[in-house]
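# A structural walkthrough
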Amino acid sequence: MTLYPKLILDALSTVRYPGTGKNIVEMGMVADDIRIDGNKVTFSLIFQRSTDPFIKSIVRAAEVAITTHIGEEVDIKGNIAVATIQPAPEKKKEDEPLPGVKNIIGVSSGKGGVGKSTVASNLAVSLAQLGYKVGLLDADIFGPSVPKMFGVEDEQLYMQEIDGKNRILPLEKYGVKLLSIGFLVDKEKAVLWRGAMASNALKQLITDAAWGELDYFIIDMPPGTSDIHLTLVQTLGITGAVVVTTPQEVALADARKGVSMFLGEQVNVPVLGIVENMSWFTPAAHPDEKYFIFGKDGGKNLAEKLGVELLGQVPLVASICRGGDDGMPVTLQNSVSGRSFIALAETVVKAVEKRNATRPATKKVETH
């Protein structure tokens, strides 16, 4: 058999980059360095970034395409090099509220009581433990719980003049920058604000704070759908949403509405996936036992039905609740529960990288 470059390119044109509908040849991913020595073929594939989640699968697909469409005798395995181009970062618009933030993740739930704030707090700390720069905004105006979960209820906020403007300095704990409306109100009293007042307070925590450079900005959203959600999508281009639910049918019905809200034409925020919280109960004395108190695999089945990823299943363990009450998120412990949140954070990172590789940046919703 005589091998020549066009034969190689024709085979590679059958390999499509996920989510685009285009093949790697027309996308310009095959470098102009095809070398043929007998049956040995070498060339390079060019990716936009070294963190592209599809590098390994595309290389493997290219190898299979060549052996399938040309012949098994072609020596290609291990001969495909990978090159990456780190594009220049896009310039931020002057009115961009968080110019130093790379990814904004909204953690939401259809209803209260499913552990959304617990997931948001432990996700933020887990990302920090993985080496990322992380900020956490408690946007649950009427039920802020982040100050208690981080043990900073009695801390005071301070202002500092930065570039000629007074900025709120977020607190820092466990490697996470924190802000919450809970720092600004009496923790013993209910917050009785109209929607416009609550929205303005939230905007201040976003636009008037010195968040600085962050890899991930986690937003602990209020449960349900409300003015606050609309304020957030009108203020920020949210990279993606994480929806938290329990396996219960009543929670799943509300989670379905939450996913629908983000994917709706007006909001159009990608859903990174679903986290199933309180998936099962495991007694401390019997860590290998599982009791499905709220039902089994409800979140998993919902994710499959909606065509989104199941990011993780978090067990109902006393240490998770105790960690939140004591101001020390369970992910700081070297335990089964702590490791489950580290695994969740790793999955979220992969989901964000996949989303960024296949979709354009989310635009904030324009007000009319």
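In this report, the structure presented in the accompanying data block is examined.

Conventions used here
- Counting starts from 1 at the beginning of each chain's written sequence and moves along it residue by residue.
- Local features in this predicted model are restricted to residues of pLDDT 70 or higher, and side-chain atom pairs are both shown and tallied only at a pLDDT of 80 or more, whereas totals for entire chains, interfaces and linings draw on every residue.
- As a rule here, side-chain values come from all non-hydrogen atoms in the structure, and water together with hydrogens is ignored.
- Note on conventions: DSSP H or I runs of at least 4 residues are helices, E runs of at least 2 residues are strands, and numbering of each starts at the N terminus.
- By definition in these notes, contact holds between two residues if any of their heavy atoms fall within 4.5 Å.
- The criterion for strand pairing is that DSSP finds at least two bridges linking the strands in question.
- Between the N-to-C directions of two axes lies an angle of 0 to 180 degrees, each axis being a line fitted to C-alpha atoms and, for a helix, fitted only over the stretch in contact.
- Think of it this way: a Phe, Tyr or Trp ring, Trp meaning its six-membered ring, pairs with another when their centres are within 6.5 Å, and the plane angle makes it stacked under 30 degrees, edge-to-face over 60, tilted otherwise.
- Partly exposed describes any residue whose relative accessible area lies between the buried limit of under 20% and the exposed limit of over 50%, with all areas from a 1.4 Å probe on protein chains only and scaled to the type maximum.
- In what follows, salt bridge is the name for a side-chain nitrogen of Lys or Arg lying within 4 Å of a carboxyl oxygen of Asp or Glu.
- To sort the angles, those under 35 degrees are grouped as roughly parallel, those over 145 as roughly antiparallel, those from 65 to 115 as roughly perpendicular, and the leftovers as oblique.

Turning next to the side chain of Thr 246. Within the element layout of this structure, Thr 246 appears in the loop between β11 (240-245) and α7 (249-263). Excluding residues that lie within four positions of it along the chain, Thr 246 makes contacts with Val 114, Ala 251, Leu 252, Asn 277 and Met 278.

Right, let's talk about the sheet that holds strand β3 (residues 80-84) for a bit. An order of β1-β2-β3 is seen for the three strands of this open sheet, with the pairing classed as mixed. This sheet does not close on itself; its edge strands, each paired only once, are β1 (35-37) and β3. Geometrically, the sheet is characterised by an average inter-axis angle of 20° between neighbouring strands, direction not taken into account. Bridging between strand β2 (residues 40-47) and β3 involves five bridges; their strand directions are parallel. Across the sheet, the residue bridging to Phe 47 is Thr 84, located in β3. Against the sheet, helix α2 (residues 55-69) touches β2 and β3, its axis set at about 145° to β2.

Quick look at the packing of aromatic side chains now. Here the structure, examined in full by the defined rule, presents four aromatic pairs. Pairing Tyr 132 with Tyr 216 gives two aromatic rings, centres 5.2 Å apart and planes at 90°, and the pair type is edge-to-face. In this pair, Tyr 132 sits in the loop between α3 (116-129) and β5 (134-138) while Tyr 216 sits in strand β10 (residues 214-220), placing the two residues 84 residues apart along the sequence. Ring plane angle 35° and centroid distance 5.9 Å describe the contact between Phe 150 and Tyr 174, whose orientation is recorded as tilted. Of the two residues, Phe 150 is situated in the loop between α4 (146-149) and β6 (158-162) and Tyr 174 in the loop between β8 (171-173) and β9 (176-180); the sequence distance between them amounts to 24 residues.

This paragraph deals with the sheet that holds β11. In spatial order, the strands read β8-β9-β5-β10-β4-β11-β12-β13; together these eight strands make up an open sheet with mixed pairing. In the strand order of this sheet, the two ends are held by β8 and β13 (310-316), each with one partner. In this sheet, neighbouring strand axes are inclined to one another by 25° on average, regardless of whether the strands run parallel or antiparallel. For β8 and β9, the ladder comprises three bridges, and the chain directions are antiparallel.

One non-glycine residue, Asp 163, lies in the positive phi region at around 50°. When you line up the elements, Asp 163 lands in the loop between β6 and β7 (165-169). Since its relative accessible area comes to 80%, Asp 163 is described here as exposed. With phi around 55°, Tyr 174 is a residue other than glycine that occupies positive phi space. On the basis of relative accessibility, which here comes to 24%, the residue Tyr 174 falls in the partly exposed class.

The subject of this paragraph is the pattern of salt bridges. Within this structure, the stated rule accounts for eight salt bridges. Here Lys 77 ties to Glu 63 by a salt bridge, and the two come within 4.0 Å at their closest N and O atoms. Residue Lys 77 is located in the loop between α2 and β3, and its partner Glu 63 is located in helix α2; the two are separated by 14 residues in the primary sequence. Assessed through its relative accessible area of 62%, Lys 77 is described here as exposed. Looking at Glu 63, the relative accessible area reads 8%, which means it is buried. Across the salt bridge formed by Lys 116 and Asp 140, the nearest N and O atoms sit 3.9 Å from each other. Here Lys 116, found in helix α3, pairs with Asp 140, found in the loop between β5 and α4; they are 24 residues apart in sequence, far enough to count as distant. Overlapping salt bridges, with partners in common, bring together Arg 60, Glu 63 and Lys 77 in one network.

Further remarks concern the packing of α3 against helix α10 (residues 336-358). The geometry of α3 relative to α10 is characterised by a closest axis approach of 8 Å and an angle of 80° between their N-to-C directions. When the axes of α3 and α10 are compared, the pair comes out roughly perpendicular. Only Phe 341, Ile 342, Leu 344, Ala 345, Val 348 and Val 349 of α10 make contact with α3, whose side of the interface consists of Thr 118, Val 119, Asn 122, Leu 123, Ser 126, Leu 127 and Gln 129.

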